[in-house]
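Below, each chain spelled out in residue letters.
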Amino acid sequence: MVRFKKKFLFFNIYENWFQCNPTILDLILPNAYLHVKDRKEKIVPGFSDVTYTVENDLTLDQEAIYAGFQKSLRQQIRQSEEAGITCQFHDDIEGFVKFFNEFAASKNLPPTSKRRILEMDGFLQLSYAMLDGEILVAHSSLVDEKNKIARAFHSASRRLDESFDKNLIGKANKVLHYHDMMFFKQKGFTVYDFGGYTENTDDKALQGINNFKLLFGGQKVACTNYYTVSYHLMRKIGQMTGALGKG
């Protein structure tokens, strides 16, 4: 299970991913249990909501995973590799934060910070798609060594930078997801989770994101988020003030 704490004002709040086995003390403290599958009973007292994601089975061999991609996706991955795009995995936190925040500012998204990344120390893997020494795309993945799950968490790119070819950036993003999958497969992970699927949406942008994730041949999966009463109250305050973003 992934478990880490975040600072909120003068308090610690706790995020737990992929499992929900709270103690009595956990039910009092501000705890969230996120992306829990196959759990029938509900935290009491507390709150919950159902969400969806797209998961790829990494127990398949590499050829089978690749064959499950849509044909157009396989072509774009080949084209990006032929163009010289390479993928790297390392933990340059300051470089990642700078790159992500430049992208976030252009999209009016909440920024992240070195402190937020360090709060997830041991549970976050950073990856990059590079061309001629330039970062084109950066990802972070939330990793659960025990349950062998890797979940896409942050994603940033140069696609809004007019000095870069937008089509090439799109291809770089796709090839990086493919290399993320293979990186975690080689480490023995069994699930690559794309990090969310918006069910029954009429929003064209969200539909496009859903369709992008399905290009890789994964399956839509339902999961549940559970929140203790104290976490729920702090979450409401954070949403109103903007203090509890992903970053």
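What you see is a predicted model, and the numbers here were worked out from it, not measured in a lab. Starting afresh in each chain, residues are numbered from 1 along the sequence in its written order. Where local features are concerned, this predicted model is filtered to residues with pLDDT of at least 70; where side-chain atom pairs are given and counted, the filter is 80 or more; whole-chain, interface and lining totals use all residues. With hydrogens and water excluded, all non-hydrogen atoms of the structure serve as input to the side-chain values.

Draft legend 1. Spatial organisation of the overall build of the chain. Secondary structure elements are taken from DSSP: a helix is a run of H or I of four residues or more, a strand is a run of E of two residues or more, and numbering for both begins at the N terminus. Each helix and strand in the chain was counted, giving 8 helices and 10 strands. Dimensions of the chain, computed from C-alpha atoms along their principal axes, come out at roughly 55 × 35 × 35 Å. With a 1.4 Å probe rolled over the protein chains alone, any residue whose accessible area is under 20% of its type maximum counts as buried; one over 50% counts as exposed, and the rest are partly exposed. A buried classification covers 46% of the 247 residues belonging to the chain. Between two residues, a contact is recorded if the distance between any of their heavy atoms is within 4.5 Å. When contacts within the chain are restricted to residue pairs at least 6 apart in sequence, those whose partners lie at least 24 apart make up 67%. Each accessible area is a Shrake-Rupley estimate made with a 1.4 Å probe; only the visible protein chains count as cover when residues are assessed. Entry remark: accessible area of the chain is about 12800 Å², with carbon and sulfur atoms responsible for 53%.

Draft legend 2. Spatial organisation of the sheet that holds strand β2 (residues 11-17). Note: two strands are recorded as paired if DSSP finds a minimum of 2 bridges between them. Ordered by their spatial adjacency, 10 strands build an open sheet running β1-β2-β3-β10-β4-β9-β8-β7-β6-β5, and the pairing between neighbours is mixed. With one partner strand each, in any of the chains shown, β1 (2-8) and β5 (86-89) form the two edges of the open sheet. Direction aside, neighbouring strands of the sheet carry axes that sit 30° apart on average. Relative to strand β6 (residues 124-131), β5 runs antiparallel, the two sharing 4 bridges. Across the sheet, the residue bridging to T86 is M130, located in β6. Only the stretch in contact is used when fitting a helix axis, every axis being a line fitted to C-alpha atoms; angles between N-to-C directions are given from 0 to 180 degrees.

Draft legend 3. Structural context of the environment of L73. Its location among the elements puts L73 in helix α3 (residues 71-82). A residue is classified by how much of its surface remains accessible, and L73, at 0% relative accessible area, is buried. Considering only alpha carbons, one finds L73 and D92, 19 residues apart in sequence, at a separation of 29 Å.

Draft legend 4. How the structure looks around helix α6 (residues 166-186). For α6, which comprises 21 residues, the first-to-last C-alpha distance of 30 Å matches the rise-based estimate of 30 Å (1.5 Å per residue) to within 8%. As used in this structure description, the phrase polar contact means that two N or O atoms lie within 3.5 Å; if the pair is within protein, one of them must be able to donate a hydrogen and the other to accept it, and residues adjacent in sequence are counted only when both atoms belong to side chains. By the N-cap criterion, in which a side-chain oxygen at the helix start approaches the backbone nitrogen of a residue two or three places on, α6 is capped by D165, the distance to N167 being 2.9 Å. Following α6 by one or two positions, G188 adopts a phi angle in the positive range, close to 90°. By this rule the span expected of a helix is its residue count minus one, scaled by 1.5 Å.

Draft legend 5. Representation of the pattern of salt bridges in the model. We define a salt bridge as a side-chain nitrogen of Lys or Arg found within 4 Å of a carboxyl oxygen belonging to Asp or Glu. Considering all chains together, one arrives at 12 salt bridges under this definition. The closest approach of N and O atoms between E119 and R115, which form a salt bridge, is 3.0 Å. Residue E119 and its partner R115 are located together in helix α5 (residues 114-119), separated by 4 residues, close to a single helical turn. The class for E119 is buried, based on a relative accessible area of 17%. For R115, a relative accessible area of 45% gives the class partly exposed. Of the charged contacts in the structure, one is a salt bridge between E134 and R158, with a shortest N-O distance of 3.5 Å. With a gap of 24 residues between them, E134 in strand β7 (residues 134-144) and R158 in the loop between β8 (149-157) and α6 connect regions that are remote in the sequence.

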